[in-house]
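Given next are the chains, with one letter for each unit.
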Amino acid sequence: MKHAKTYENVTKRFYRPEIRKCLECQKPLKRAVTLSQRRVVTLDGVIKVVHGGYRCKNPQCSGKSRTYRSAQADALALPGFTFGLDIVLLVGKLHLGEHQTLDEVHEQVSRRLAPLGVSISRREILYLFDAFSALLRATSDVKEDEEWLELVKKNGGIIVSIDGIQPDQGNETIYLVRDGLTGRLITAENATESSTERIKQILAPVLALDITVLGTISDAQKAEIKALVELWPDVPHQTCHFHALRDAGEQAFAYDRHVKKEIRKTLQPQVRKLRKEIKEQMEQASEAEAEQLAILDTYALGMQAVLNQDGVAPFEYAGIGAYEALDDIEASLERIKKKDLLPPLGVHSICNL
């Protein structure tokens with residue numbers, strides 16, 4: 001029997017719709033269902049995604065059956081995929097843009113994922129390239145998708161969500177346009193420049209559908225906002241909360257990263273030295289002492305792990321997290337020292353770092 005993959009470092013994130021009020025009656029939306037709960041592997045880490053669907057709870061509202069989704073959650077990965085869209089785009093860029101062979105793409109992607117403790121098979125690279133090709137063909141079957149059109153009719157229209165993604169900081173940007181209510185990809189297109197007119201061209205297939213647009217969502221790029229407002233001037237627009245908060249907290253995140261760097265610079269050499277001393281003591285220690293020293297080594301290893309953790313904008317600050325984790329380690333060691341359970345030299349050495 002095939003077992004599900006397990007990952008060592010997983011960040012849990014809950015996603016809710018960017019639109020917070022009902023588009024019909026303006027009452028606050030309430031969580032009604034969990035749309036998905038899965039792990040997504042991105043180039044920045046492994047995320048446990050909990051995607052909440054929200055509805056209007058006003059029984060008199062005409063839009064009470066409409067379920068609102070998070071555009072940010074839908075942009076992480078394609079339905080049914082473990083590997084994120086950023087990896088899909090990287091595979092496409094390496095294969096088509098840089099003309100790398102399948103084996104070369106596999107080697108480079110594997111190298112990028114190795115620090116995360118994640119592996120990827122050669123066959124998976126093939127699947128991801130197929131997904132990349134499907135993205136670029138996404139508009140071809142929208143008008144024939146009767147099931148989706150039926151959902152659009154039930155919802156009374158669509159919410160246009162546009163997100164520009166640079167594959168591994170490349171020059172080209174791939175714009176993905178979705179329906180924010182169903183998560184359906186409407187169009188995807190490469191662009192070498194991001195002017196308002198170019199964004200309008202990318203959104204042209206949506207206009208051609210001649211479907212009611214209830215609202216729009218973007219990642220706060222000025223050209224995107226201007227294009228959406230000019231195309232649908234009477235439709236409410238919402239900036240993606242994740243992008244807005246990330247941009248607003250950029251300076252704080254940069255300062256925290258500097259603090260974390262200083263903590264690591266100060267403590268890491270000392271922790272390495274201490275672990276070396278503990279291992280040397282273990283070679284001459286009795287069985288009971290060796291067990292105690294092994295516990296101290298585990299504490300020191302825990303400190304090393306804390307020093308190597310990175311933050312995730314906008315809310316997870318590595319510097320603050322390091323301070324809190326090191327405080328917890330210190331408190332635990334102080335309790336051990338009071339109970340006199342471990343060798344004093346080792347406890348004092350770690351506590352004085």
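Predicted model only: the values in this text are computed from it and were never measured.

Calculation notes
- Residues numbered from 1 in each chain as written.
- Predicted model: local features only at pLDDT ≥ 70, side-chain atom pairs only at ≥ 80, totals over all residues.
- Heavy atoms only, no water.
- Helix = DSSP H or I, 4+ residues; strand = E, 2+ residues; numbered from the N terminus.
- Buried < 20%, exposed > 50% of the residue type's maximum accessible area, 1.4 Å probe, protein only.
- Contact = heavy atoms within 4.5 Å.
- Areas by Shrake-Rupley, 256 points an atom, 1.4 Å probe, with all protein chains shown as cover.
- Salt bridge = Lys/Arg side-chain N within 4 Å of Asp/Glu carboxyl O.
- Patch = residues over 30% accessible without salt bridge, like charges linked within 9 Å, V, L, I, M, F, W, Y side chains within 5 Å.
- Lys, Arg positive; Asp, Glu negative; His and termini not counted.
- Charge placed at Lys NZ, Arg CZ, Asp CG, Glu CD.
- Pairing = 2+ DSSP bridges.
- Axes fitted to C-alpha atoms, helices over the stretch in contact; angles between N-to-C directions.
- 1 Å grid on protein atoms, 1.4 Å probe; cavity = no way out; pocket = protein on both sides within 12 Å on 5 of 7 lines; lining within 4 Å.
- Points joined across faces, edges and corners; volume = space filled by probe spheres on them.
- Nonpolar A, V, L, I, M, F, W, Y, C, P; charged D, E, K, R; others polar.
- Expected span 1.5 Å × (residues − 1).
- Core = buried A, V, L, I, M, F, W, Y, C linked by side-chain atoms within 4.5 Å.

Q: Can you tell me about the overall build of the protein chain, naming the residues and giving the values?
A: A tally of helices and strands in the protein chain yields twelve helices and eight strands. The 353 residues of the protein chain split such that 44% are buried. Taking the intrachain contacts of the protein chain between residues at least 6 apart in sequence as the baseline, contacts between residues at least 24 apart amount to 63%. Accessible surface, the protein chain as shown: approximately 19600 Å² in total, 50% of it carbon and sulfur.

Q: Can you lay out the pattern of salt bridges for me, pointing to particular residues and giving the numbers?
A: Scanning the model with the defined rule gives eleven salt bridges in all. In this structure, E24 and R66 form a salt bridge, with 3.0 Å as the shortest nitrogen-oxygen distance. One end of the pair, E24, is in the loop between β1 (10-15) and β2 (29-42); the other, R66, is in the loop between β3 (45-56) and α1 (71-76), and 42 residues separate them in sequence. Here R66 falls in the buried class, since its relative accessible area comes to 5%. Between K200 and E197 there is a salt bridge, and its shortest N-O distance comes to 3.8 Å. Pair noted here: K200 and E197 are both in helix α6 (residues 196-209), with a separation of three residues, about one helical turn. A cluster of three or more residues bridged by salt bridges with shared partners is formed by E197, K200 and E230.

Q: Before we move on, can you summarise a negative patch on the surface with the specific residues and values?
A: Together, E324, D327, D328 and E330 give the surface a local cluster of negative charge. Examined against the element boundaries, D328 turns out to sit in helix α11 (residues 318-339). You can call D328 exposed: its relative accessible area is 54%.

Q: Break down the sheet that holds strand β8 (residues 237-239) for me, citing the residues and quoting the values.
A: Spatial ordering of the open sheet is given by β6-β5-β4-β7-β8, a layout of five strands whose pairing is mixed. Two strands in the sheet have a free side with no partner beyond their single neighbour: β6 (185-191) and β8. The average angle at which neighbouring strand axes cross in this sheet is 20°, direction not considered. In this fold helix α7 (residues 222-231) packs onto β4 (158-165), β5 (173-179), β7 (213-218) and β8, with an angle of close to 170° to the strand it touches most, β7.

Q: Describe the layout of surface pockets, with residues and values.
A: Size it by volume and the second largest pocket reaches roughly 450 Å³. The wall of the second largest pocket is formed by 23 residues, among which L78, P79, G183, R184 and L185 lie closest to the centre. Listed by contribution, the elements that provide at least two residues to the lining of the second largest pocket are β2, β3, α1 and α4 (122-136). A breakdown of the residues in the lining of the second largest pocket according to their chemical character gives twelve nonpolar, four polar and seven charged.

Q: Could you give an account of the environment of I202, with specific residues and numbers?
A: Among the secondary structure elements, I202 is positioned in helix α6. Taking the relative accessible area as the measure of exposure, I202 reaches 0% and is therefore buried. It is 6.7 Å that separates the C-alpha atoms of I202 and E189, two residues lying 13 residues apart in sequence. Once residues lying within four places of it in the same chain are set aside, the contact partners of I202 are Y175, V177, T187, E189 and A191.

Q: A description of helix α2 (residues 85-97) should follow, citing residues and the corresponding values.
A: Here α2 is 13 residues long and its end C-alpha atoms lie 17 Å apart, about the 18 Å a rise of 1.5 Å per residue gives. Here α2 has its buried residues at L85, D86, I87, V88, L89, L90, V91, G92 and L94. Contacts from the buried residues of α2 go to β2, α1, α3 (102-113), α4, β4 and β5.

Q: An account of the nonpolar core is needed here, citing residue identities and associated values.
A: Side chains of a nonpolar character, in soluble globular proteins, are inclined to be buried together. Membership of the largest hydrophobic core comes to 30 residues, with the highest contact counts inside it found for I87, V109, L113 and L135. Counting residues per element, the ones that place at least two in this core are α2, α3, α4, β5 and β6. When residues of this core are assigned to their parent elements, the largest contribution, seven residues, is made by α2. The contacts of L113, once residues within four sequence positions are left out, are V41, T42, L43, F83, I87, V118 and I120. Counting 22 residues, the second largest nonpolar core, distinct from the first, contains V152, I158, I162 and L203.

Q: Please set out the environment of E330 residue by residue, giving values where relevant.
A: Here E330 shows up in helix α11. You can call E330 partly exposed: its relative accessible area is 38%.

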